[in-house]
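Chain and residue survey
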Amino acid sequence: MLNATHDPALRSWVSSANAPGTDFPIQNLPFGVFRRRAEADCRVGVAIGNQILDVEKSSSLGLFHGLAAEAGAACSGGTLNALMALSAAHQSALRAALSAQLAADATWYRSDPQLGLRLLTPISDVEMCLPATIGDYTDFYASVYHATNVGRLFRPDNPLLPNYKYVPIGYHGRASSIVVSGTPIRRPRGQIKDPQADIPVFARSHLLDYELEVGVFVGPGNELGQPIAIDAASTHIFGLCLLNDWSARDIQSWEYQPLGPFLAKSFATTLSPWVVTLEALAPFRRAAFTRPEGDPAPLPYLFSSADQLLGGLDLTLEVALLTEQMRAEGLEPVPVSRGSFADMYWTIAQLLTHHASNGCNLRPGDLLASGTVSGPVKDSRGCLLELTTRGDEPLILPTGESRRFLEDGDEVILRGYCERAGAVRIGFGECRGIVVSALPGA
Ligand code: MN
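Calculation notes
Residues numbered from 1 in each chain as written. Predicted model: local features only at pLDDT ≥ 70, side-chain atom pairs only at ≥ 80, totals over all residues. Heavy atoms only, no water. Helix = DSSP H or I, 4+ residues; strand = E, 2+ residues; numbered from the N terminus. Rg over C-alpha atoms; globule rule 2.2 N^0.38 Å. Buried < 20%, exposed > 50% of the residue type's maximum accessible area, 1.4 Å probe, protein only. Contact = heavy atoms within 4.5 Å. Areas by Shrake-Rupley, 256 points an atom, 1.4 Å probe, with all protein chains shown as cover. Lys, Arg positive; Asp, Glu negative; His and termini not counted. Charge placed at Lys NZ, Arg CZ, Asp CG, Glu CD. Phe/Tyr/Trp six-rings, centres within 6.5 Å; stacked < 30°, edge-to-face > 60°. Lys NZ or Arg CZ within 6 Å of the ring centre and 35° of its normal. Pairing = 2+ DSSP bridges. Patch = residues over 30% accessible without salt bridge, like charges linked within 9 Å, V, L, I, M, F, W, Y side chains within 5 Å. Salt bridge = Lys/Arg side-chain N within 4 Å of Asp/Glu carboxyl O.

Time to look at the overall build of the chain. The secondary structure content of the chain amounts to 12 helices and 26 strands. Here the C-alpha atoms of the chain give a radius of gyration of 22 Å, agreeing with the 22 Å that 2.2 N^0.38 yields for 442 residues. Seen through its C-alpha atoms, the chain measures out along the principal axes to roughly 75 × 55 × 40 Å. Put simply, the chain has 442 residues, and 55% of those count as buried. Sequence-distant contacts in the chain: of pairs separated by 6 or more residues, those separated by 24 or more amount to 73%. About 18500 Å² of surface is accessible on the chain, with carbon and sulfur atoms providing 56% of the total. Of the side-chain charges in the chain, 35 are positive and 46 negative, and the distance between the mean point of each set is 2 Å.

What follows is the structure, encoded as structure tokens:
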């Protein structure tokens, strides 16, 4: 549903928000949690151009009214959980108030520009924190292209298991090791069994990979025992971010049967700091993935005409790589793949509804991840396992270096943005992480 906050003609008194190509125009207004350097407190803010508007301070100055004031009051305490717990109407009212506050014609700003400037901090002057306290984290497997490509590597004759087109596959991830963009990633050590060896060894992973994914923050939760109907799913989704599900493929291939990924994934997951609300994404919704002729329809609890019509999302996702040598030579990160979230087999509403369908309670700030976003063509493959065909076809980088999997010093940079004619482009910012060497050991 589009409203005044999506108006492409809207401009902000924050001039950097009007620059073409910015990730954070006034039509976006993503929420994050930041800390000014030399300050201890984390604070809730929204990104606007190259600045952050302090939402907590705006709220305490009495700039919001009605539902927006209630939502603004929930923005204290240094996490988004309390805001996420409020109704979609509260969140929408706060967005409308922030849009009005930041609009070029805002009367309060015209009467006191100094006050406006005191509410802003340059993004370059802050450290970003995790947006929420994440109680539980679940990772899905929603790209049929990813599932097929990976399945083919392990089971050439039978790439896609028979449950795939019926049940959104997922596993319970680890919440404690989710870190914000920019946090160094220690290469893990673990049990690895070489295909030729009889027994495993405990050693540093040498098949370290990234996975390009989209994170979904749960808004208002559900009571234990009370499923969420597919048509109500979107009112339980606060917003989306970028997510890198770091994966140690050698540890994974030895440990994953029969209960799925465990230590191959739980050492780290990186999140982008800005949460783009579902409302901000409204202009970029599209039909759900068109299932090929012969595929089963979703079971009734996962089927809704509204979700089929607008459950998809035109979100372009890119991965870039920057090696230590590239950094030394002053080179820019090199793009290695580009995919679209429109290629996902399951919608985010289906993932959430399926998760709660057994009565499992989801709580505000819980995180769902989409699974690796891969598309039908080779350069839309969202991890190195697929992109290099398990190392058989290495990437060649501008320095002449090659990569089968990640080396120490490599930085992985995820980016995402939505574009459509008649709408203002919005972006997700970046999700970055640099691999550092494993701890020494036998
Ligand atoms: Mn994953």
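Anyway, onward from the coordinates.
All told, the structure shown has 11 aromatic pairs when counted by the stated rule. With centroids separated by 6.2 Å and ring planes inclined at 70 degrees, the aromatic side chains of Tyr 141 and Tyr 164 adopt a geometry described as edge-to-face. Pair noted here: Tyr 141 is in the loop between strand S6 (137–140) and helix H7 (144–154) and Tyr 164 is in the loop between H7 and strand S7 (170–172), with a separation of 23 residues, a long-range link. Classification of Tyr 141 by relative accessible area gives partly exposed; the value is 27%. Residue classification places Tyr 164 among the buried residues on the basis of a relative accessible area of 3%. Measuring from ring centre to ring centre gives 6.4 Å for Phe 154 and Tyr 256, while their planes differ by 50 degrees; the resulting arrangement is tilted. With Phe 154 in helix H7 and Tyr 256 in the loop between helix H8 (249–255) and strand S16 (269–271), the pair connects residues that are 102 residues apart, well separated along the chain. Residue Phe 154 is classed as partly exposed on the basis of its relative accessible area, which comes to 35%. On the accessibility criterion, Tyr 256 (26% relative accessible area) is partly exposed. One aromatic cluster in this structure is built from Tyr 141, Tyr 145, Tyr 164, Phe 289, Tyr 345 and Trp 346. Sitting over the ring of Trp 346, Arg 291 keeps its end group 4.7 Å from the ring centre. The aromatic ring of Phe 154 is capped on one face by Arg 390, whose charged end is 5.1 Å from the ring centroid.

Moving on to the environment of Ala 17. Among the structural elements, Ala 17 can be located in the segment before strand S1 (31–36). Under the relative-accessibility criterion, Ala 17 is labelled buried at 4%. Sequence separation between Ala 17 and Asp 54 is 37 residues, and the spatial gap between their C-alpha atoms is 16 Å. Those residues in contact with Ala 17 that sit more than four places away from it in its chain are Ser 12, Thr 22, Phe 24, Pro 25, Ile 26, Ile 48 and Gly 49.

It is worth spelling out the sheet that holds strand S26 (residues 426–436) at this point. Within the open sheet, the five strands sit side by side as S9-S26-S25-S20-S21. Their pairing is mixed. With partners counted over all chains shown, the strands left at the sheet margins are strand S9 (185–186) and strand S21 (334–340), one partner each. Sheet analysis places S9 next to S26, joined by two bridges and oriented parallel. Paired with Arg 186 across the two strands is Val 436, which belongs to S26.

With that out of the way, let us pick up a nonpolar patch on the surface. Taken together, the side chains of Tyr 166, Leu 299 and Tyr 301 make up a nonpolar region of the molecular surface, amounting to roughly 280 Å² of accessible area. Of note, Tyr 166 is situated in the loop between H7 and S7.

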